[in-house]
Amino acid sequence: MTKRLTEVAKKAGVSEATVSRVLNGRDGVSETTRTAVLTALDVLGYERPTKLRGERARLVGLVLPELQNPIFPALAEVVTGTLAQRGYTPALCARTIGGVSEMDYVEMLLDHQVSGVIFAGGSYALADARHDHYRRLTDRGLPVVLVNAGVAELGFPRVSTDDAVAVEQAYGHLRSLGHERIGMVLGPEGHVPSRRKLDAMIRAAGWDEGDAECVERSSFSMEGARVAATKLVERGVTGIICASDVLALGTIRAARRLGRSVPADVSVVGYDDSAFMTCTDPPLTTVRQPIETMGQAAVDLLVTQIEGVGVLHDELLFEPELVVRGSTAPAPGR
C-alpha cells in the first residue's frame, strides 16, 4: 500500500496524503487534483477502490497495429499531444506479432475505465476479420473514433483520407509521364481502404475484368510487396501505385532485383508520405495523408462524444496531396 501511494503521488504530482484522501473518498480535494490522482492510478495499472470504479478516468486509449511503419508513430505524436492539450491522458497500445491482440487491448482499456478509444489500422478495416470487441464498446456506450476507412456496419465516427482522390492524383501523374501499363500493389482482399483504391482505379483507368493481372495483393510489409511487385514488373507494368510507402519501398526492391532501374524502367508511387521518404534512393513520389489535421479531428470527434455534445456518425474525408520526387519519370521510350 505504501509503495502504491508513493508511486501514484509521484505520477500525479501531489502528496501521499492527498492520494490517501482521494482513495478514501474524503473531502478537501479539488476536482482537478482528484481527477489527476485517479488517472495516475489507472495509468500505473492499479485497481480503483470499489466505490470509485463507476467513474471513468480522463484516460483515452490509442490502439495502433504497429510502430515500425513511420506513419503510425507520426499519428501517435499528433493524437497524444492533442489529447494532453484537452486535459486527457493518452494510453498508447501498439500491437505486435505474437503479442497483445487488439481484442486484449480493448479488454484492458475497459478494465481501466477509459473515457474513449481511438483506433488506427485495426481489424475494423478488414471485412473478413472478427469485430466482436468493437461491439463490446458499443454495448458499453464508450466513445470511439476510427482513423481511415473501415466496415460501415460498426457505425463509429471515422476520419479518413479520400482514397479515390489519392488514386486519381497518382494515376493522373503516371499518365502525364506517358505510362500506359499501370498496376497496383494493394493490401489484402478484404482491406477496405485498398478496395476503395481499386474501385477508384477502375473508374479512372476504365479497367475491365481483363485488367486484373495489373493488380497484386500483399501484406503491408516490404517482403510481401517484393513478391507482388515482381509479378507486375514481369508482366510489363511500367508504373506502379502502392497502398503504402512500405509497399512502395518493397516494390522498388523488386524492380532492382529484376535488373530494372527506378525510375528509368519502372516508376513507383507510394501512399502516406511517412518519415524519411525524402531520404530513400530514389526519394519517393507519394500521396501525402494530412496526418496532423486528421489526428486533431479524431481527438475533436472523440472529446465531443465524451462531453456529450453530440455524435457525428458520418465519415470525414480529408484531401490528400501528391508529392512528386525521384521515383517517377517518363515512361521508357518517351
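See the structure shown above.
Residues numbered from 1 in each chain as written. Predicted model: local features only at pLDDT ≥ 70, side-chain atom pairs only at ≥ 80, totals over all residues. Heavy atoms only, no water.

Participant: If you had to explain the overall build of the chain to someone new, which residues and values would you point to?
Facilitator: Helix and strand counts for the chain stand at 11 helices and 12 strands. For the C-alpha atoms alone, the extent of the chain along its principal axes is close to 80 × 35 × 30 Å. Residues classed as buried in the chain amount to 52% of the 334 residues present. For the chain, long-range pairs separated by at least 24 residues make up 71% of all intrachain contacts whose partners lie at least 6 apart in sequence. For the chain, the accessible area works out to roughly 15,000 Å², and carbon and sulfur atoms hold 50% of it. A distance of 5 Å separates the average location of the 36 positive side-chain charges in the chain from that of its 42 negative side-chain charges. (Helix = DSSP H or I, 4+ residues; strand = E, 2+ residues; numbered from the N terminus. Buried < 20%, exposed > 50% of the residue type's maximum accessible area, 1.4 Å probe, protein only. Contact = heavy atoms within 4.5 Å. Areas by Shrake-Rupley, 256 points an atom, 1.4 Å probe, with all protein chains shown as cover. Lys, Arg positive; Asp, Glu negative; His and termini not counted. Charge placed at Lys NZ, Arg CZ, Asp CG, Glu CD.)

Participant: How would you summarise the nonpolar core if you had to cite specific residues and measurements?
Facilitator: Among the nonpolar cores identified, the biggest contains 39 residues, and Met184, Val185, Met201, Ile240, Ile241 and Val268 are the most heavily contacted of them. Only helix 7 (163-176), strand 6 (182-186), helix 8 (192-205), helix 9 (222-234), strand 8 (239-242), helix 10 (245-257) and strand 9 (267-272) provide two or more residues apiece to this core. A per-element tally of this core places helix 7 first, with six residues. With residues near it in sequence (within four places) discarded, Val185 still touches Glu216, Ser218, Ala225, Ala228, Ala229, Leu232, Ile240, Ile241, Cys242, Ala243, Leu247 and Thr251. (Core = buried A, V, L, I, M, F, W, Y, C linked by side-chain atoms within 4.5 Å.)

Participant: If you had to explain the pattern of salt bridges to someone new, which residues and values would you point to?
Facilitator: A side chain of one charge can pair with a side chain of the opposite charge if their charged atoms are brought near each other. Going through the model one piece at a time under the given rule, you end up with 14 salt bridges. Taking the shortest distance from any N to any O, the salt bridge between Glu189 and Arg217 comes out at 3.6 Å. Here Arg217 lies in strand 7 (residues 215-217) and Glu189 lies in the loop between strand 6 and helix 8, a separation of 28 residues in the sequence. The exposed category is assigned to Glu189, whose relative accessible area is 54%. For Arg217, a relative accessible area of 25% corresponds to the partly exposed category. (Salt bridge = Lys/Arg side-chain N within 4 Å of Asp/Glu carboxyl O.)

Participant: Please give an account of helix 7 that cites residues and values.
Facilitator: Relative to the 20 Å expected for 14 residues at 1.5 Å per residue, helix 7 spans 20 Å between its end C-alpha atoms, a close match to the ideal helical length. The distance from a side-chain oxygen at the start of helix 7 to the backbone nitrogen of Ala164 is 3.1 Å, and the residue carrying that oxygen is Asp162. Backbone geometry just after helix 7 places Gly178 at a positive phi near 95 degrees. (Expected span 1.5 Å × (residues − 1). Polar contact = N/O pair within 3.5 Å; in protein donor to acceptor, adjacent residues only side chain to side chain.)

Participant: Please provide a residue-by-residue account of the side chain of Thr18, values included.
Facilitator: In this structure, Thr18 sits in helix 2 (residues 16-23). Judged by its relative accessible area of 11%, Thr18 is buried. For Thr18, the side chain forms a polar contact with the side chain of Ser15, separated by 2.9 Å.

Participant: Which residues make up the sheet that holds strand 7, and what values do they have?
Facilitator: Taken in spatial order, the six strands of this open sheet run 7-6-8-9-10-12, and their pairing is mixed. What marks the edges here is a single partner per strand, and that holds for strand 7 and strand 12 (321-323). Taken over all neighbouring pairs, the strand axes of this sheet differ in orientation by 20 degrees on average, direction set aside. Of the strand pairs in this sheet, strand 10 (residues 285-288) and strand 12 are connected by three bridges, and their pairing is antiparallel. Each bridged residue has a counterpart across the sheet, and for Thr286 the counterpart in strand 12 is Val323. Contacting strand 6, strand 7, strand 8 and strand 9, helix 8 runs over the sheet at an angle of about 170 degrees to strand 6. (Pairing = 2+ DSSP bridges. Axes fitted to C-alpha atoms, helices over the stretch in contact; angles between N-to-C directions.)

Participant: Mind laying out the state of the cysteines, listing which residues take part and the relevant values?
Facilitator: Considering all chains together, one arrives at zero disulfides under this definition. In this structure Cys214 is a free cysteine whose sulfur lies 14 Å from that of Cys242, the closest cysteine sulfur available. A residue is classified by how much of its surface remains accessible, and Cys214, at 3% relative accessible area, is buried. (Disulfide = S-S within 2.5 Å.)

Participant: Tell me about empty space enclosed by the protein, and name the residues and values.
Facilitator: Space left empty within the atom packing is revealed by a probe, the size of a water molecule, rolled over the atoms. This model, assessed by the stated rule, comprises one cavity of 30 Å³ or more. Estimates place the volume of the largest cavity at around 40 Å³. What lines the largest cavity is simply Ala166, Val167, Ala170, Lys197, Ile241, Cys242, Gly270, Tyr271 and Val287. Looking at the lining of the largest cavity, the elements that each hand over two or more residues are helix 7, strand 8 and strand 9. Per-element tally for the lining of the largest cavity: the top contributor is helix 7, with three residues. Across the lining of the largest cavity, the residue classes break down as seven nonpolar, one polar and one charged. (1 Å grid on protein atoms, 1.4 Å probe; cavity = no way out; pocket = protein on both sides within 12 Å on 5 of 7 lines; lining within 4 Å. Points joined across faces, edges and corners; volume = space filled by probe spheres on them. Nonpolar A, V, L, I, M, F, W, Y, C, P; charged D, E, K, R; others polar.)

Participant: Tell me about the sheet that holds strand 3 (residues 116-120), and name the residues and values.
Facilitator: Taken together, the six strands give an open sheet; going across it, the order is 2-1-3-4-5-11, and neighbouring strands pair in parallel fashion. Two strands in the sheet have a free side with no partner beyond their single neighbour: strand 2 (89-94) and strand 11 (315-318). Each adjacent strand pair in this sheet contributes to an overall mean axis angle of 15 degrees, direction not counted. Relative to strand 2, strand 1 (residues 59-64) runs parallel, the two sharing six bridges.

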